[in-house]
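Single-letter residue listing:
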Amino acid sequence: MMFRKLFTVGLLLIAFSGFAQEDLIINTQNREQISLNGTWHYIIDPYETGFYNYRYKEKGEKDAEAYWNNPNPHQKTDRKEHGYSDKYSIEVPGDWNSQDDVFKYYEGTVWYQREFDKPELAKNEHVFLYFGAVNYEAHIYLNGKKLGMHKGGFTPFNFEMPSDLLQEKGNFLVVKVDNKRHKDEIPTLNTDWWNYGGITRDVKLVITQQNFIQQYALQLDQDQDIEKSIKRKKFKLSGHIKLNVSSEEKVTIEIPEIGLKEKIDISDSKASFSFDAKKIELWSPENPKLYEVEFTLGETTLTDQIGFRKVEVSGKEVLLNGKEIFMRGISLHEEVAPEIRRANSMDDANKLFGWVKDLNANMVRLAHYPHNEYMTRAADELGILVWSEIPVYWTIDFENKKVLGKAQKQLEEMIVRDQNKASIIIWSVGNETPLSDARNDFMKQLVMDAKKMDSTRLISAALEVRYNRGTNFIDDPLGEYTDIVSVNEYLGWYGDLPGAKENSKWETKYNKPLFFSETGAGAKSGFHADKETRWSEEFQEWYYEETLKMMEQMPDNFMGLSPWILVDFRSPKRNNPKYQEGWNRKGLIDNEGNKKKAFFTLKKYYEEKEKEYQ
Ligand code: GCB
């Protein structure tokens, strides 16, 4: 096959050594693994009795009444005040709220426990314990020893299981999970979504060689003129690789389908590279082509399914593979509304994306936190463009430097996990954060961090509109730094009626692509009345009609929208006893899966838009 090596090897400069998520193992789906999903035991511990002694100090490691220690009594005189039992069982993955009524409104500590046998290991093999996500704070113990802790409810983490700690049989694994909200965490105390607690995503043992490929990125090089590359049928790929231990090695990257084979020299555990590739079929919503890519180190080959595409801003337009796109988007939460639980499987992803396809959308805003990896894998396969976000939402403690560190860590975990997903074209660093100097600095820093970490995607944030006497001003200072300017717009729901949209004017300070990251109105499915009656399907339909008309009169940099929201979702803030009952009703689909009238209004608009941009 024809390919030419332009440049290989170079020390990868890690820009974020201060908070780098260097240990995260990516693409666990395609690695040797043993699932620890299934039935675990639990203890509800609102007073954190298993963690603190009666003087409220963290218990000593060997304390018999620390809940990480196996409490089975040995003698009849033993005093035991805790224990794990089949009577108190819970499924993993899964939020606890949906599994038993005692958990419905619970926020606090729950201890999870299960046993497992040591996997059969060949010489030099290592075992890592991997969590897809735990909301919010997790402390992990194996056979009475602490492996570590992690904060952040929507991103993955892993710890190595030291071989001298692993027993042949009955390893006693305990996770302390705490979903209490705090002012100085991300998100903070106040959100408009349900604070589902628990081990919400897959848990697995990942078996590796002593030295293995831990992270990598492989993508179309951002610096090429994509139209020229397409014409010449010659593309430049680039990326980086990181091994888990520092060593001089060679990694081979192969894409058998196009006969590509490249050897990368690794020095000091890292390498960055670039090389040419021919015959690449680019990934797009119309043709979500994924290639089987093989990364080989020594005797071990790790495969991945990777699509290649280029997204960029050119003046007021967003180009995908050199062509202007219009984002026919929809926002969604990671929730299976009919079962009132967090989504956590490929089936769940397919169900949600089935509705997205039905709406004739080509893009999703995964609000307001990184969704599980099934979602981004499914988006890659189905050809759905993705906006992925960290939960820097509303009134974060912007003055606090430590809080910035927490946001940066979540940002990095999100990017590292999903940097090879072609579907993700936008990283968002937050939503509706209130203006102040501290906030501006904080948010600007996140934008800069995201850009440094990943130059192959657009960076944005959902900003607010300043409405004054009939004019909508887009002038949030953060807009200067983001690649596209995105705003949430609710005229006609929060303030005034939908008819007010007709004469409203728009003024934007920025000559960049303009995206509406939210717009929407509530409706109780099945409630019909005249269009001015709030909560009726007709009101919501009217809101959408007016909104879409208004969108057509936008400045020419308007390039898409992701209305709020695909499905009604649980929120503790929504307490109208007749129409809400604990649900945010802005869904186009209700919590039982029924489509409301506005679904069809937006669908029709998207059908027209699709034709217009063909
Ligand atoms: C917003 C928020 C979103 C809320 C929505 C609403 O602007 O970004 O999280 O759920 O409004 O329904 O008010």
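Here is a short report on the structure shown in this document. What you see as residue numbers is a count from 1 along each chain, following the sequence as written. With the structure being a predicted model, the display of local features is reserved for residues of pLDDT at least 70 and the display and counting of side-chain atom pairs for 80 or more, all residues being used for whole-chain, interface and lining totals. Heavy atoms from the whole structure form the basis of all side-chain values; hydrogens and water molecules are not counted.

Before going further, it helps to examine the site of the ligand. Taken together, 14 residues are adjacent to the ligand, and Asp 192, Tyr 393, Glu 432, Tyr 494 and Lys 586 come closest. Polar contacts here mean pairs of N or O atoms no more than 3.5 Å apart (in protein, one a potential hydrogen donor and the other a potential acceptor; neighbouring residues in sequence count only if both atoms are side-chain atoms). A distance of 2.4 Å is found between an oxygen atom of the ligand and a side-chain nitrogen or oxygen belonging to Tyr 494. Under the convention used here, a 1.4 Å probe and the Shrake-Rupley method define accessible areas, while residue burial counts only the protein chains that appear. A total of 320 Å² of accessible area belongs to the ligand in isolation, and the protein chains cover 97% of it. Put simply, a residue is near a molecule or strand once any heavy atom of it comes within 4 Å of that molecule or strand.

Below, the discussion takes up the sheet that holds strand β30 (residues 485-488). By the convention used here, strands pair only if DSSP detects at least 2 bridges between them. The helix and strand labels rest on DSSP assignments: H or I over at least four residues marks a helix, E over at least two residues marks a strand, and numbering proceeds from the N terminus. The 8 strands are arranged β21-β24-β25-β26-β27-β30-β32-β33 in a closed barrel whose pairing can be described as parallel. Across the sheet, the axes of successive neighbouring strands diverge by a mean angle of 30 degrees, strand direction being ignored. Where strand β21 (residues 327-332) lies against strand β33 (residues 558-561), 2 bridges are found, and the strand directions are parallel. Looking at β33, one finds that Arg 328 is bridged to Leu 561. Against the sheet, helix α7 (residues 597-612) contacts β21 and β33, and its axis sits at roughly 150 degrees relative to β21. To get an axis, fit a line to the C-alpha atoms, keeping to the stretch in contact for a helix; angles then go from 0 to 180 degrees between the N-to-C directions. Residue contacts follow a heavy-atom distance rule, with two residues in contact if any of their heavy atoms lie within 4.5 Å.

Topologically, Glu 538 is positioned in helix α6 (residues 537-552). Side-chain polar atoms of Glu 538 contact the backbone nitrogen of Ala 529, separated by 3.1 Å.

This part is about the packing of aromatic side chains. Pairing of aromatic rings covers Phe, Tyr and the six-membered ring of Trp, with a centre-to-centre limit of 6.5 Å; geometry is then stacked below 30 degrees between planes, edge-to-face above 60, and tilted otherwise. For the structure shown, the criterion picks out 40 aromatic pairs. A ring pair is formed by Phe 516 and Phe 558, whose centres lie 5.6 Å apart and whose planes are at 70 degrees; its orientation type is edge-to-face. One end of the pair, Phe 516, is in strand β32 (residues 514-518); the other, Phe 558, is in strand β33, with 42 residues separating them in the sequence. The same class applies to Phe 516 as to Phe 558, namely buried. Members of the aromatic cluster, connected to one another through ring pairs, are Phe 51, Tyr 52, Tyr 56, Tyr 67, Trp 68, Trp 111 and Tyr 141. For a Lys NZ or an Arg CZ to count as sitting over a ring, it must be within 6 Å of the ring centre and within 35 degrees of the ring normal. Directly above the aromatic system of Trp 583 lies the positively charged group of Arg 570, at a separation of 5.4 Å from the ring centroid. The ring of Phe 326 is capped by Lys 609, whose NZ or CZ atom sits 4.6 Å from the centre of that ring. In this scheme, a residue with accessible area under 20% of its type's maximum is buried, one over 50% is exposed, and one in between is partly exposed, where area comes from a 1.4 Å probe on protein chains only.

Take Asn 431: it is sitting in strand β26 (residues 424-431). Looking at Asn 431, its side chain comes within polar contact range of the side chain of Arg 365, at 2.9 Å. With sequence-adjacent residues up to four places away left out, Asn 431 is seen in contact with Arg 365, His 368, Glu 389, Val 392, Tyr 393, Trp 394, Ala 462, Asn 488 and Glu 518.

Here the focus is the packing of helix α2 (residues 346-358) against helix α3 (residues 373-382). Where α2 contacts α3, the two axes come as close as 9 Å, and the packing angle between them is 50 degrees. By the criterion of interaxial angle, the relationship of α2 to α3 is oblique. Remark: the crossing between α2 and α3 carries right-handed chirality. Along its contact with α2, which presents Met 346, Ala 349, Asn 350, Leu 352, Phe 353 and Lys 357, the element α3 presents Tyr 374, Met 375, Arg 377, Ala 378, Ala 379, Glu 381 and Leu 382. Classifying every residue of the contact of α2 with α3 by side-chain character gives 9 nonpolar, 1 polar and 3 charged. Each angle receives one of four descriptions, namely roughly parallel if under 35 degrees, roughly antiparallel if over 145, roughly perpendicular if within 65 to 115, and oblique otherwise. Helix crossings get a hand from a simple test, with the near helix turned counterclockwise from the far one by less than a right angle marking a left-handed crossing and a clockwise turn marking a right-handed one. Under the scheme applied, nonpolar residues are Ala, Val, Leu, Ile, Met, Phe, Trp, Tyr, Cys and Pro; charged residues are Asp, Glu, Lys and Arg; polar residues are all the others, including Gly.

This next bit is on the packing of α6 against α7. Two elements in contact, α6 and α7, have axes whose closest approach is 7 Å; the angle formed by their N-to-C orientations is 20 degrees. With respect to α7, the axis of α6 lies roughly parallel. Where α6 approaches α7, its residues Glu 537, Glu 538, Gln 540, Glu 541, Tyr 544, Glu 545, Leu 548, Met 551 and Glu 552 are matched on the opposing element by Lys 597, Ala 598, Thr 601, Leu 602, Tyr 605 and Lys 609. Taken together, the residues of the contact of α6 with α7 break down into 6 nonpolar, 2 polar and 7 charged.

Without other data, these values stay purely geometric and don't point to any function.
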